There are 2 protein chains.
Amino acid sequence: MTEAPIMTLDEIEDLAYRTLVAAGTSDANARPLARATAATEAEGIVSHGLAYIPTYCEHVRCGKVDGRAQPVLSRPAPSVVSVDAATGFAHPAIELGFEVLIPTARELGMAALAVRNSYNCGVLGYHTRRLAMEGLLAIGFTNAPASIAPVGGRRPVLGTNPFSLAAPDGAGGVAVLIDQSASVIAKSEIMKHAREGLPIPSEWALDPEGHPTTDPEIALKGSMAPSGGYKGVGVALMVEIMAAAMTGATLGVNASPFSGTKGGPPRTGQFFLALAPDASSGGLFAGRLAALVEELHDQPGVRVPGDGRRAARRRAERRGVAVNPATLEKVNAWL
Amino acid sequence: MTEAPIMTLDEIEDLAYRTLVAAGTSDANARPLARATAATEAEGIVSHGLAYIPTYCEHVRCGKVDGRAQPVLSRPAPSVVSVDAATGFAHPAIELGFEVLIPTARELGMAALAVRNSYNCGVLGYHTRRLAMEGLLAIGFTNAPASIAPVGGRRPVLGTNPFSLAAPDGAGGVAVLIDQSASVIAKSEIMKHAREGLPIPSEWALDPEGHPTTDPEIALKGSMAPSGGYKGVGVALMVEIMAAAMTGATLGVNASPFSGTKGGPPRTGQFFLALAPDASSGGLFAGRLAALVEELHDQPGVRVPGDGRRAARRRAERRGVAVNPATLEKVNAWL
């Protein structure tokens, strides 16, 4: 068995950048995606780090994403920024939008960014965290191809649709980073079990008739179980309304899959809210949040959302990241 | 057994108004609360309709809420409205804020309302629905005294903290009304089982050691189970950050109980976002939302959040509401 090579975050970003460019992505689009890839590896979210690069490259090649797209920004209202991702990657579209969102939120107290004709934005919390690092309270929504059936139904209508909230600590850092999907488990976990021929816990997914199943292959033909039953469906519906209806993006039920090469661009959406916490709280935000985080940490064994990623990031910044040799081989095959 | 008398919605509002005034509430504060009480009865949410009026009256009497408070509005930023409820009822504070929030959201594309030094706002979806009736997409958050323990802990830190999203249908109505707490079940259900001496399902609550319990009395000394485990805690945390930290209100862990007469004003908070959907969606919002609702309704047995309340409201507008005689007796005792 080959030992996992240790790579620095700069090396990971550089490798991701070169690979994306080799596949036909423009410099301007490859850079934000490469940065996000390194940050995702740093946070230990292996599924969306370098392991995703071959999929991105494949999607550039087959036209599911336009690697040379130029996102277009508009200002439909003073507090609202809108970006048409033009079927390109989500990351450069979001980055373009943030350039206007951040100063607008500071000036007006809050602002929103709507992104349409977009693509899988990777780890949603990567984007909200960037806003929180600017001192803004951020909430993000992104929709995905339908995989959750509403309670009482069997046919998927909503995606695993995550939301994320990132709260600044008042000192240039991030105190809380919530980033959670509406399903019990990520779809990638079920796909992994299918590849490995392993059964899944019965609470993860439903068969095409709407009954629990332990067979990952049957689960992939059925639907993902919503977390907490109808309340998980409610969260998925909130996210769908924000990320698709509020942006004019494609509904998850009409979107092409994020995996595989078929169906053309998914044209899904992202929606971000950025709020200046000192305006609405009369300057009390940082103190209240610190007290809340302290109450949570006061009990042994309790982790605050974001703690795990922060610890992983600090380790990775010091020591680099051990990258799976099989992943590296697949990435290098594109160079 | 006495037959339940049928009351019109106007009669319910009038009774609630006179009762609140008799207990010492000012005219200006009693009216919005009475209107909400009638609307809540209309939607079939019996626990927060006339049945709550004796608690409101008791709280005015003991000083847990200041029935004569005058909420104070300020504009800390162009997109942000702030209201200090001055330990009065939440309803007049929210109503005052909405008068500025609605035109500001229309003018700027979006705006926020932060309410602090507030009280239990009743049914959160009542307030978000009012914004949606004005053609705005509304998201609301309100915090409550701590009753949910974080995963891995035993001591409650977060309230059952609901969020609500109300989406306008583009024709003066409301297409979707999500209104859900972060717990598996409402605390009032556990209190009801305790009063009736009935056991509760083991997935509703935890004992003080953090283990599932079927004894409602022990559950009330322990904590409420979060819906979907750590994801329910994540929702409760999002709501706490928005309703308390972002408003400068009191954290649930420091708030006095909403029931009983002890502890003085809870000083909890509410936060509302109001967005003009046509700005961010380029005019596509109503069409996308209608298509989404149709996809959900396309499966027999599937209800869209808000369907039940809408049907109840239509029935109540035509036929009035059958009011529990015991509730009426308790309300009339204050006149």
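Our subject is the structure listed above.
Keep in mind it's a predicted model, so treat the numbers as computed, not measured.

Cut-offs used in this document
Residues numbered from 1 in each chain as written. Chains lettered and ligands numbered in written order. Predicted model: local features only at pLDDT ≥ 70, side-chain atom pairs only at ≥ 80, totals over all residues. Heavy atoms only, no water. Axes fitted to C-alpha atoms, helices over the stretch in contact; angles between N-to-C directions. Helix = DSSP H or I, 4+ residues; strand = E, 2+ residues; numbered from the N terminus. Parallel < 35°, antiparallel > 145°, perpendicular 65-115°, else oblique. Left-handed = near helix turned anticlockwise from the far one by under 90°. Contact = heavy atoms within 4.5 Å. Nonpolar A, V, L, I, M, F, W, Y, C, P; charged D, E, K, R; others polar. Buried < 20%, exposed > 50% of the residue type's maximum accessible area, 1.4 Å probe, protein only. Buried area = accessible area lost by both parts, 1.4 Å probe. Salt bridge = Lys/Arg side-chain N within 4 Å of Asp/Glu carboxyl O. Polar contact = N/O pair within 3.5 Å; in protein donor to acceptor, adjacent residues only side chain to side chain. Pairing = 2+ DSSP bridges. Least-squares fit on C-alpha atoms with pLDDT ≥ 70 in both. Arc of directions from axis to C-beta. Phe/Tyr/Trp six-rings, centres within 6.5 Å; stacked < 30°, edge-to-face > 60°.

Our focus in this paragraph is the packing of helix H1 (residues 9–22) of chain A against helix H2 (residues 27–42) of chain A. Residues and elements named next belong to chain A. Relative to each other, H1 and H2 sit at 140 degrees, their axes nearing to 8 Å. Judged on the interaxial angle alone, H2 and H1 are oblique. By crossing handedness, the relation of H1 to H2 is classed as right-handed. Contacts between H1 and H2 involve Leu-9, Ile-12, Glu-13, Ala-16, Tyr-17, Leu-20 and Val-21 on the former and, on the latter, Asp-27, Ala-30, Arg-31, Leu-33, Ala-34, Arg-35, Thr-37, Ala-38, Glu-41 and Ala-42. Taken together, the residues of the contact of H1 with H2 sort by class into eleven nonpolar, one polar and five charged.

This part takes up the environment of His59(B). Residues and elements named next belong to chain B. Along the chain, His-59 falls in helix H3 (residues 53–62). Relative accessible area serves as the criterion here: at 0%, His-59 is assigned to the buried category. His-59 sits 206 residues away from Pro-265 along the chain, and the two C-alpha atoms are 8.9 Å apart. Contact partners of His-59, with chain neighbours within four places excluded, come to Lys-64, Val-65, Tyr-119, Phe-258, Ser-259 and Gly-260.

How large an interface is tends to be reported as the accessible area lost when its parts come together. The partner chain A presents 76 residues to the 76 residues of chain B that form the contact. Its largest share of buried area at the contact with chain A, chain B owes to Lys231(B), Met246(B) and Ser280(B), together 12% of the area lost on that side. Across the chain B-chain A interface, the total number found is four salt bridges. When the shortest N-O distance is used, the salt bridge between Asp298(A) and Arg155(B) registers 3.1 Å. One can count 27 residue pairs in polar contact (both at pLDDT 80 or more) joining chain B with chain A. With eleven residues, the single largest contributor to the side of chain B that touches chain A is helix H8 (residues 230–245) of chain B. Counted by class, the side of chain B that touches chain A contains 48 nonpolar, 19 polar and nine charged residues.

All names here are of chain A. Summarising burial for strand E7 (residues 174–180): six of the seven residues are buried, a large majority. For strand E6 (residues 163–168) and E7, the ladder comprises six bridges, and the chain directions are antiparallel. Looking at the pairing, Ala-167 lines up with Val-176 of E7. Hairpin remark: E6 followed by E7, antiparallel, with five residues in the connecting loop; positive phi at Gly-170, about 85 degrees.

The next point concerns the relation of the copies chain B and chain A. The two copies are related by a screw operation: chain B maps onto chain A through 180 degrees of rotation and 0.0 Å of translation along the axis, at an RMSD of 0.0 Å. One copy is carried onto the other by what is essentially a two-fold rotation axis. In terms of proximity to the rotation axis, the leading residue of chain B is Gly228(B), whose C-alpha is 2.0 Å off the axis. Here 100% of the interface residues in chain B have copies in chain A that are interface residues too; the copies meet face to matching face.

All names here are of chain A. Burial analysis of strand E10 (residues 268–275) places eight of its eight residues in the buried class, the great majority of the element. Every second residue of E10 is oriented toward a common face, with Thr-268, Gln-270, Phe-272 and Ala-274 on one face and Gly-269, Phe-271, Leu-273 and Leu-275 on the other, all of them buried. Pairing analysis gives seven bridges linking strand E4 (residues 110–118) to E10, with the strands arranged antiparallel. Bridge pairing in E10 places Ser-118 opposite Thr-268.

A separate point is helix H12 (residues 325–332) of chain B. All names here are of chain B. Restricting attention to buried positions, one finds in H12 the residues Thr-327, Leu-328 and Val-331. One face of H12 carries all of its buried residues, which in axial projection span an arc of 100 degrees. Pointing more than 90 degrees away from the buried face of H12 are the exposed residues Glu-329 and Lys-330. Those residues of H12 that are buried are in contact with strand E1 (6–7), helix H1 (9–22) and H3.

Residue and element names in this part refer to chain A. In spatial order, the strands read E2-E3-E4-E10-E5-E6-E7; together these seven strands make up an open sheet with mixed pairing. In this open sheet, the two edge strands, each paired with only one partner strand, are strand E2 (72–77) and E7. Here the average twist between neighbouring strands, direction ignored, is 15 degrees. Here helix H8 (residues 230–245) sits on the sheet in contact with strand E5 (137–142), E6 and E10, set at roughly 95 degrees to E5.

Another point: the sheet that holds strand E6 (residues 163–168) of chain B. All names here are of chain B. Pairing within the open sheet is mixed, and its seven strands lie in the order E2-E3-E4-E10-E5-E6-E7. Edge positions in the sheet fall to strand E2 (72–77) and strand E7 (174–180), since each of these pairs with one other strand and no more. For this sheet, the mean inter-axis angle between neighbouring strands, taken without regard to orientation, is 15 degrees. Strand contacts of H8: strand E5 (137–142), E6 and strand E10 (268–275), with the helix running at about 95 degrees to E5, the strand carrying the most contacts.

This part is about the packing of aromatic side chains. Residues and elements named next belong to chain A. Inspection of every chain in the model, using the stated rule, returns twelve aromatic pairs over all chains. On the numbers, 6.1 Å between centres and 50 degrees between planes, the contact of Tyr-56 with Tyr-119 is tilted. In this pair, Tyr-56 sits in helix H3 (residues 53–62) while Tyr-119 sits in the loop between E4 and helix H5 (124–132), placing the two residues 63 residues apart along the sequence. The pair formed by Tyr-56 and Tyr-119 is uniform in burial state, with each residue classed as buried.

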